[in-house]
Amino acid sequence: MIMAWQPQEEGLRQIIQLLKESQSPDTVIQRTVQQKLEELNQVSDFNNYLIFVLTKLTSEDEPTRSLSGLILKNNIKSHYENLPTTVTEFVKAECLTAVGDISPLIRATVGILITTIASRGINSWPELLPALCQMLDSTDYNVCEGAFGALQKICEDSSDYLEDDRQNKPLDILIPKFLQFFKHSSPKIRSHAIGCVNQFIAQKTPSLMNHIDIFLENLFHLAVDDEAEVRKNVCKAIVSLLEVRMDRLLPHLHDIIEYMLLRTQDPDENVALEACEFWLSIADQQICKEALTPYLPRLVPILVNGMRYSEIDIILLKGDVEEDENVPDREEDIRPRFHKSRTHGNEEDNNDEDDEDNLGDDGSLSDWNLRKCSAAALDVLANVFKEDILPILMPILKETLSSNEWEVKESGILALGAIAEGCMNGMIPHLNELIPYMINHLSDKKALVRAIICWTLSRYCHWVVSQPHEQYLKPMMHELLKRILDPNKRVQEAACSAFATLEEEATTELVPYLGFILETLVFAFSKYQHKNLLILYDAIGTLADSVGHHLNKSEYINLLMPPLIQKWNALKDEDKDLFPLLECLSSVATALQSGFMPYAEPVFKRCISLVEQTLNQNMANTQSPDQFDAPDKDFMIVALDLLSGLAEGLTTFIESLINGSNTLQLLYQCMQDPLAEVRQSSFALLGDLTKACFQHVHPCIADFMPILAQNLNPDHISVCNNATWAIGEIAVKLGTEMQPYVPIILNQLVVTMNRQNTPKTLLENTGVLHCVTSEIMMKKTVHLEVCVK
């Protein structure tokens with residue numbers, strides 16, 4: 001019998017010892033323990049010992065027992081299919097006996113174990129849901145709470161399966177059961193009950209929609225619950241219902257808005273955050289303006305108040321540290337970067353990335369919090385109400401901006417930035433006073449104030465650039481450049497990002513100030529720690545994109561290139577810091593044109609080497625996946641993009657570099673890569689090489705053209721756009737020689753042109769290429785001007 005299994009004393013003693021040692025802070029001991037645990041996974045009943053320690057060994061301390069359960073959870077996640085049936089059945093049975101353990105920590109760990117097993121397929125554990133459902137009726141609180149905790153985790157992790165099980169229809173039983181517990185005497189159980197039901201609102205689960213009236217009745221009953229976790233789940237439920245069943249909330253909308261105004265000021269920040277989500281959601285509803293207009297005088301001050309840094313925020317942000325530029329960054333503080341492949345054409349088709357800075361907030365506080373949510377809510381409401389919100393907001397801003405408390409002043413500046421997009425027209429009469437106010441306060445003694453002013457000023461760059469330079473642009477630019485050299489790392493980051501926005505808005509308006517700008521950016525190389533160095537590359541690349549060939553002056557090149565090449569030489573081929581540096585150099589090479597020639601050969605050779613290494617590693621991984629890891633193809637993508645920048649900048653001068661190299665053979669392989677971003681960058685490079693040195697591309701056309709034709713698929717917009725553009729450039733060069741290839745591309749062009757919702761740039765390129773190919777078929781002369789890049 002399964003339940004007859006008993007541990008051997010010696011084996012149990014060894015495992016307890018390992019569990020104790022694994023809690024040691026010594027990393028050497030931890031590694032040794034990890035190795036022993038992996039070896040023990042080869043022992044058939046090792047997991048029996050782990051579940052025994054968790055559920056039966058009450059003589060041990062709770063952290064050790066819980067750790068045993070968490071190791072078992074990891075083993076189940078990694079090796080479930082290979083575990084003997086006797087072991088999995090024993091673990092399942094023991095879990096069900098321990099659901100009601102007297103320790104909340106052990107109950108929670110058992111619940112995690114149960115949902116981990118259930119996520120591998122509830123149908124392989126048919127007795128689980130009936131057993132847990134029965135336990136809900138237990139008079140023993142621990143059993144009821146433990147069962148509910150497990151069920152909530154199952155509802156979170158396996159909601160799709162519960163919905164899709166049409167044969168057993170578990171939700172027809174579970175949801176009415178959950179609703180019964182909304183009025184339970186225990187706040188923990190009330191919270192579990194709402195938490196379970198909340199998982200099924202977004203999908204409009206029929207089992208819930210059939211009981212929507214009783215759900216709403218019970219929900220409103222809990223609105224004034226004393227328990228914060230219950231109030232939080234009530235707010236979460238209302239926000240979800242707003243998005244899917246507005247019709248059922250409309251009769252109660254007045255009371256709901258009143259409730260959410262109250263809860264957005266809840267003393268518990270987690271409740272206030274859930275309530276604040278309501279304003280974001282209702283802004284997406286057609287009735288928003290009508291519903292919220294009467295409440296704006298009360299809502300706006302609440303949101304501005306919610307934008308203040310909390311005490312815990314200030315501690316986490318080290319808000320009292322004013323100078324930290326010499327403190328090295330921790331690697332965990334540096335966000336992973338994702339390279340964006342090169343696209344030919346306007347960026348509106350390829351610009352769906354999230355604007356991380358749209359809340360003007362602190363990158364290291366990555367968790368969504370009340371401050372960020374309040375700012376986002378004011379932002380979206382400003383876009384709904386436009387200038388109508390200003391009579392309410394301006395007196396609040398006047399008061400907050402003149403406050404002696406820096407946290408209050410800082411929240412007002414954040415609010416000023418949050419409304420910039422929605423209220424720009426209404427703000428214009430006030431900007432001649434507000435912009436100088438912010439420029440003057442860029443030297444505020446508080447680093448967090450200086451940082452938020454950088455962001456808020458960036459939101460008004462478009463207006464600043466349109467005014468006389470002497471009035472706002474020059475003083476703003478000078479002060480931002482000072483902040484780029486700020487002794488505080490957070491201010492450096494905010495200033496660098498804001499200056500990049502200014503560069504994008506001002507473009508060639510910055511040309512008269514290039515010397516001063518470059519001196520500052522280059523000096524920052526010697527000051528910046530790791531994280532901000534990556535942002536500095538972005539600012540320099542954006543400057544090159546913005547001023548273009550105006551950068552091609554010997555004094556600017558002599559300033560800019562030495563530090564960039566020094567970093568280039570210092571970085572190893574496998575260092576991911578190459579990504580932003582290569583992106584930066586791509587922009588610089590394009591801008592400097594012939595001025596980049598002295599640096600072109602080593603840069604070209606390293607790019608070719610990066611592409612070659614990635615292709616070879618990919619081939620090795622494909623042939624022997626157990627021996628060789630898959631490569632990070634971003635190395636290849638950024639190298640291809642820098643080669644494009646070289647071709648675009650050097651034009652015909654690149655011919656000497658291509659001559660004698662294997663660039664076209666490598667490009668042929670890259671064009672066939674399964675990863676869309678690799679093909680996208682490959683086609684961009686092909687188009688640039690066609691323009692710069694067609695004599696090297698010409699012999700490969702017969703091989704390239706079928707691959708290009710296969711990629712005229714608008715499902716991958718950027719790939720299709722670049723392939724279309726490259727074919728257009730080739731067609732212009734080939735003229736009537738293009739005729740043999742026209743049939744394989746013409747049909748696909750017509751499909752793309754007739755397809756609905758095709759982005760503007762792709763339509764333009766497709767239309768132009770269609771005209772070009774039609775002219776070729778009629779043996780007309782093709783003019784370069786018809787091609788659009």
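Definitions and cut-offs
Residues numbered from 1 in each chain as written. Predicted model: local features only at pLDDT ≥ 70, side-chain atom pairs only at ≥ 80, totals over all residues. Heavy atoms only, no water. UniProt positions renumbered as here; feature names shortened; annotations may be inferred. Helix = DSSP H or I, 4+ residues; strand = E, 2+ residues; numbered from the N terminus. Buried < 20%, exposed > 50% of the residue type's maximum accessible area, 1.4 Å probe, protein only. Contact = heavy atoms within 4.5 Å. Areas by Shrake-Rupley, 256 points an atom, 1.4 Å probe, with all protein chains shown as cover. Expected span 1.5 Å × (residues − 1). Core = buried A, V, L, I, M, F, W, Y, C linked by side-chain atoms within 4.5 Å. Salt bridge = Lys/Arg side-chain N within 4 Å of Asp/Glu carboxyl O. Phe/Tyr/Trp six-rings, centres within 6.5 Å; stacked < 30°, edge-to-face > 60°. Lys NZ or Arg CZ within 6 Å of the ring centre and 35° of its normal. Polar contact = N/O pair within 3.5 Å; in protein donor to acceptor, adjacent residues only side chain to side chain. pLDDT = per-residue confidence, 0-100. Patch = residues over 30% accessible without salt bridge, like charges linked within 9 Å, V, L, I, M, F, W, Y side chains within 5 Å. Axes fitted to C-alpha atoms, helices over the stretch in contact; angles between N-to-C directions. Parallel < 35°, antiparallel > 145°, perpendicular 65-115°, else oblique. Left-handed = near helix turned anticlockwise from the far one by under 90°. Nonpolar A, V, L, I, M, F, W, Y, C, P; charged D, E, K, R; others polar.

- The protein is annotated in an unreviewed UniProt entry as Transportin-1 from Sipha flava.
- As recorded by UniProt, the Sequence similarities (unreviewed entry) comment attached to the protein reads in full: "Belongs to the importin beta family. Importin beta-2 subfamily."

1. Here we look at the overall build of the protein
In step 1: Along its length, the protein carries 42 helices and zero strands.
In step 2: Considering the protein as a whole, with its 789 residues, one finds that 57% of them fall into the buried category.
In step 3: The contacts of the protein with a sequence gap of at least 6 include a subset with a gap of at least 24, amounting to 74%.
In step 4: Carbon and sulfur atoms make up 50% of the accessible area of the protein, which totals about 35,200 Å².

2. Considerations on helix α21 (residues 370–385)
In step 1: For α21, spanning 16 residues, the distance from its first C-alpha to its last is 22 Å, which sits close to the expected 22 Å at 1.5 Å a residue.
In step 2: When you tally the buried positions in α21, you get 13 out of 16 residues, the bulk of the element.
In step 3: Phi turns positive one or two residues past the end of α21, at K386, with a value near 50°.

3. Details of the nonpolar core
The nonpolar side chains of a soluble globular protein tend to be buried, and buried together.
In step 1: Formed by 276 residues in total, the largest nonpolar core has its most connected members in F215, W279 and F596.
In step 2: Here the element with the most residues in this core is helix α34 (residues 634–650); it accounts for 11 residues.
In step 3: Filtering out sequence-adjacent residues up to four positions away, W279 remains in contact with I257, M260, L261, T264, L292, L299, L303, A377, V380 and L381.

4. Details of the pattern of salt bridges
In step 1: Overall, the coordinates contain 27 salt bridges when judged by the stated rule.
In step 2: Note that E145 is salt-bridged to R107, the shortest N-O span being 2.7 Å. A residue pair is termed long-range when its members are at least 10 positions apart, and E145 in helix α8 (residues 141–157) and R107 in helix α6 (residues 104–118) qualify at 38 residues. The pair formed by E145 and R107 is uniform in burial state, with each residue classed as buried.
In step 3: Between K236 and E274 there is a salt bridge; the shortest N-O distance is 3.9 Å. In this pair, K236 sits in helix α14 (residues 228–244) while E274 sits in helix α17 (residues 269–282), placing the two residues 38 residues apart along the sequence.
In step 4: Given the relative accessible area of 33%, K236 is considered partly exposed.
In step 5: Linked through salt bridges whose partners overlap, the residues forming this network are K20, E60 and D61.

5. Side note on the packing of aromatic side chains
In step 1: For the structure shown, the criterion picks out 10 aromatic pairs.
In step 2: Arranged with centres 5.0 Å apart and planes meeting at 45°, the rings of W463 and Y472 form a pair that is tilted. Both residues of the pair, W463 and Y472, belong to the buried class.
In step 3: In textbook terms, an aromatic cluster arises when at least three aromatic residues are bridged by ring pairs, as seen for F148, F178 and F181.
In step 4: Between the NZ or CZ atom of R371 and the centre of the ring of Y309, over which it lies, the distance is 3.7 Å.
In step 5: The aromatic ring of W568 is capped on one face by R606, whose charged end is 4.9 Å from the ring centroid.

6. Some remarks on α8
In step 1: Over its 17 residues, α8 extends 24 Å from the first C-alpha to the last, a length consistent with the 24 Å expected when each residue adds 1.5 Å.
In step 2: Counting buried residues along α8, 13 of its 17 residues qualify, which places the element largely inside the surrounding structure.
In step 3: The N-capping residue of α8, defined by a side-chain oxygen 2.9 Å from the backbone nitrogen of N142, is D140.

7. A closer look at the environment of M561
In step 1: One can find M561 in helix α31 (residues 554–570).
In step 2: With a relative accessible area of 0%, M561 lands in the buried category.
In step 3: If near-sequence neighbours (up to four positions away) are discounted, M561 is found in contact with L585, V588, L592, F596 and Y599.

8. Regarding unusual backbone geometry
In step 1: Even without glycine at this site, K204 takes up a positive phi of about 50°.
In step 2: Positionally, K204 belongs in the loop between α11 (187–198) and α12 (206–209).
In step 3: Taking relative accessible area as the criterion, K204 reaches 44% and is therefore assigned partly exposed.
In step 4: We note that T651 has phi near 50°; this positive angle belongs to a residue other than glycine.
In step 5: Tracing the backbone shows T651 in the loop between α34 and α35 (655–658).
In step 6: Residue classification places T651 among the partly exposed positions, given a relative accessible area of 37%.

9. Remarks on the confidence of the model for the protein
In step 1: Summarising the model, the protein shows a mean pLDDT of 86, and 90% of its residues fall at 70 or more.
In step 2: pLDDT under 50 marks residues 780–789. Its contacts with residues more than four places away, or in other chains, come to 25 contacts.

10. A short note on the environment of T508
In step 1: With respect to the helices, strands and loops of the structure, T508 is situated in the loop between α28 (489–506) and α29 (514–527).
In step 2: For the pair formed by T508 and S546, sequence separation is 38 residues and the distance between their alpha carbons is 6.4 Å.
In step 3: Leave out the neighbours within four places in its chain, and T508 touches S546, V547 and H550.

11. Quick word on a nonpolar patch on the surface
In step 1: The grouping of I312, I315 and L316 at the surface amounts to a nonpolar patch, some 320 Å² of accessible area in total.
In step 2: Of note, I315 is situated in helix α20 (residues 311–316).

12. Quick word on the packing of α34 against helix α37 (residues 676–692)
In step 1: Remark: α34 packs on α37, axes separated minimally by 9 Å, with the N-to-C direction vectors making an angle of 20°. Taken together, the axes of α34 and α37 are roughly parallel relative to one another. As for how α34 packs across α37, the hand of that crossing is left-handed. On α37, the residues touching M636, I637, L640, D641, L643, S644, A647 and E648 of α34 are E677, V678, S681, S682, A684, L685, D688, L689 and A692.
In step 2: When grouped by side-chain class, the residues that make up the contact of α34 with α37 number 10 nonpolar, three polar and four charged.

13. Considerations on the environment of A150
In step 1: Relative to the elements of secondary structure, A150 occurs in helix α8.
In step 2: Sequence separation between A150 and I114 is 36 residues; the distance between their C-alpha atoms is 6.7 Å.
In step 3: The residues touching A150, leaving out its near neighbours within four places in the chain, are G111, I114 and L132.

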